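Summary of the model geometry
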Amino acid sequence: MKTTEVTEGIFRLSANVEDILFEGIWPIPNGVSMNSYIVKGTKAAIVDGVCDWDGVPQTLYDQLDRMQIDINDLDYVIMNHLEPDHSGWFRSFLQLRSDVTVITSEKGAELVKHFYGYEGDIRAVKTGDTLDLGEGRVLLFAEIPNVHWPETIATYDTKSKTLLPCDAFGSFGSIGEKMYDDQLDEQELAFFEQEATRYYANIVGPFSAFVQRAIDKLKDIEIKIIAPGHGIVWRRNPAKIVGDYIRYASYSKGPAKTDVTVLYASMYGMTARGIDPVIEGLRSEGVTVHVHRLPEAPWGDALASVWQSSGVVVAAPTYEYKMFPPMAALLEELGRKKALNRKAFSFGSYGWSGGAQKELAEITERNRMNWDFLEPVEFRGAPTSEHLELIRQRGKELAVKVTEWVAASPAS
Ligand code: FEO
């Protein structure tokens with residue numbers, strides 16, 4: 001991968017990672033980039049880094065070689081965020097040299113020791129602290145806790161007005177030869193918007209209140225460029241990704257889009273018979289419908305779909321007196337991710353006793369999800385034609401509720 005100059009004195013290094021589960025759980029069908037930046041005055045800093053998987057750090061060192069930067073020329077390692085997708089390379093760095101000054105937050109300093117056993121020079125910075133690299137390049141730091149971990153800071157270059165916010169404003173998606181928004185056409189930008197939505201829903205979603213707080217904290221700083229730790233660099237229109245993140249954060253409490261996600265599971269095809277009727281009812285009112293069958297659907301996709309939807313259909317049978325387990329597990333995760341306040345409808349089949357609806361209520365209450373459910377439709381064995389017609393009607397009713405909710409939102 002090419003090393004490129006983001007702006008005078010700031011260089012982007014990056015490694016793509018594919019064929020892994022991100023954080024050990026999230027599929028990344030289109031990969032993810034991990035971006036690192038060299039910021040140069042008379043002194044040089046490296047801001048964030050890459051993971052330590054399968055030789056990835058070597059890509060970073062190769063890029064430094066191509067820039068003719070000796071590892072001993074780096075004066076500072078700035079760790080905005082200690083999650084090892086950005087800091088993992090530091091383990092190998094310490095084998096090459098051990099005397100560097102690490103800049104991070106007070107909480108970050110603890111993790112540098114715990115993750116990497118580093119006992120050298122660590123400087124903890126707070127909001128408003130600066131670091132002068134010379135040649136007029138002064139870096140300003142701001143604490144942005146929980147975007148995405150408690151220790152996170154953002155680094156801002158006052159000379160070029162470039163914000164280096166690590167996870168904030170990032171996206172999934174490997175990066176090819178084009179890494180700046182000013183190089184991408186509409187279709188390519190749409191691809192990264194979709195990847196940013198999935199990234200947000202999978203990784204950042206539970207911290208939406210902190211995202212909004214971080215954006216508020218940074219609002220008085222003039223930002224010309226946003227160079228995140230994942231995804232493309234925003235040079236032409238940084239306001240676009242800030243606006244997108246404000247919108248993604250608002251989806252936590254809803255409403256989101258005028259979309260409905262149908263999550264369904266079926267053991268012997270009885271519950272599945274209700275899927276076409278519910279979709280028909282939903283579409284009769286013009287809402288966009290997304291369908292995910294469990295357990296086959298990747299969780300990351302299903303979660304991103306619910307995140308963008310104002311309505312959810314949960315269709316699952318009873319299994320061992322409870323909800324079909326993959327559906328119960330996904331609903332728990334939706335609760336943890338804080339996909340709150342959805343309009344919803346549930347239906348499903350049972351053989352000898354119900355139980356799915358009871359567990360659904362337990363999960364949504366325990367996680368304080370505040371989903372507003374229509375009356376459920378449960379049937380013993382196969383659904384009758386009356387059940388199917390009721391399901392179709394409920395779909396239509398749900399679509400009307402979603403449409404009205406979105407229309408009443410000040411953002412619509
Ligand atoms: Fe990309 Fe929270 O690390």
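Each value, and the rule that gives it
Residues numbered from 1 in each chain as written. Predicted model: local features only at pLDDT ≥ 70, side-chain atom pairs only at ≥ 80, totals over all residues. Heavy atoms only, no water. Domains from an automatic or database assignment. Buried area = accessible area lost by both parts, 1.4 Å probe. Salt bridge = Lys/Arg side-chain N within 4 Å of Asp/Glu carboxyl O. Polar contact = N/O pair within 3.5 Å; in protein donor to acceptor, adjacent residues only side chain to side chain. Helix = DSSP H or I, 4+ residues; strand = E, 2+ residues; numbered from the N terminus. Nonpolar A, V, L, I, M, F, W, Y, C, P; charged D, E, K, R; others polar. Buried < 20%, exposed > 50% of the residue type's maximum accessible area, 1.4 Å probe, protein only. Disulfide = S-S within 2.5 Å. Expected span 1.5 Å × (residues − 1). Contact = heavy atoms within 4.5 Å. Phe/Tyr/Trp six-rings, centres within 6.5 Å; stacked < 30°, edge-to-face > 60°. Lys NZ or Arg CZ within 6 Å of the ring centre and 35° of its normal.

For the rest of this paragraph, the subject is the domain arrangement of the chain. When cut into domains, the chain gives domain 1 (4-251) and domain 2 (259-400). The gap between the C-alpha centroids of domain 1 and domain 2 is 38 Å. Between domain 1 and domain 2, roughly 1,200 Å² of surface is buried when both sides are summed, and carbon and sulfur atoms account for 64% of that area. The tally of links between domain 1 and domain 2 comes to 1 salt bridge. Across the pair arginine 198 and aspartate 301 runs a salt bridge, and its minimum N-O distance is 3.8 Å. In this structure, the connection of domain 1 to domain 2 is made through 4 residue pairs in polar contact (both at pLDDT 80 or more). Breaking the side of domain 1 that touches domain 2 down by element, the ones donating at least two residues are strand 4 (26-27), helix 5 (186-204) and helix 7 (238-251). With 6 residues, the top contributor of residues to the side of domain 1 that touches domain 2 is helix 5. Here the side of domain 1 that touches domain 2 is composed, by residue class, of 7 nonpolar, 5 polar and 1 charged.

So, about the pattern of salt bridges. Counted under the stated rule, the structure contains 25 salt bridges. Across the pair glutamate 193 and arginine 247 runs a salt bridge, and its minimum N-O distance is 2.9 Å. Residue glutamate 193 is found in helix 5, and its partner arginine 247 is found in helix 7; the two are separated by 54 residues along the sequence. Assessed through its relative accessible area of 28%, glutamate 193 is described here as partly exposed. Overlapping salt bridges, with partners in common, bring together Glu8, Arg137, Asp157 and Lys159 in one network.

Taken as a whole and assessed by the stated rule, the structure comprises 0 disulfides. No disulfide involves cysteine 51; its nearest neighbouring cysteine sulfur is the one of cysteine 166, lying 13 Å away.

Here we come to helix 12 (residues 385-408). With 24 residues, helix 12 ought to run about 34 Å at 1.5 Å a step, and its terminal C-alpha atoms sit 35 Å apart, in line with that. Residues of helix 12 that are buried include every one of Ile391, Arg394, Gly395, Leu398, Ala399, Val402, Trp405 and Val406, and no others. Buried-residue contacts for helix 12 involve strand 15 (257-264), helix 8 (275-283), strand 17 (309-315), strand 20 (343-350) and strand 22 (377-380).

Throughout the structure, instances matching the rule amount to 20 aromatic pairs. Both rings, one in phenylalanine 115 and one in tryptophan 149, keep their centres 6.3 Å apart while their planes meet at 15°; by these two values the pair is stacked. Of this pair, phenylalanine 115 sits in helix 4 (residues 106-116) while tryptophan 149 sits in the loop between strand 11 (138-143) and strand 12 (153-157), and the two are 34 residues apart along the sequence. Note on phenylalanine 115: relative accessible area 32%, which makes it partly exposed. Seen from their ring centres, tyrosine 200 and tyrosine 245 are 5.2 Å apart, and the 85° between their planes marks the pair as edge-to-face. Of this pair, tyrosine 200 sits in helix 5 while tyrosine 245 sits in helix 7, and the two are 45 residues apart along the sequence. Exposure class is identical for tyrosine 200 and tyrosine 245. Each is buried. The structure contains a cluster of three or more aromatic residues connected by ring pairs, namely Tyr61, Trp89, Phe90, Phe93, Phe115, Tyr116, Tyr118 and Trp149. Sitting above the plane of the tryptophan 405 ring, lysine 343 keeps its charged end 5.0 Å from the centroid.

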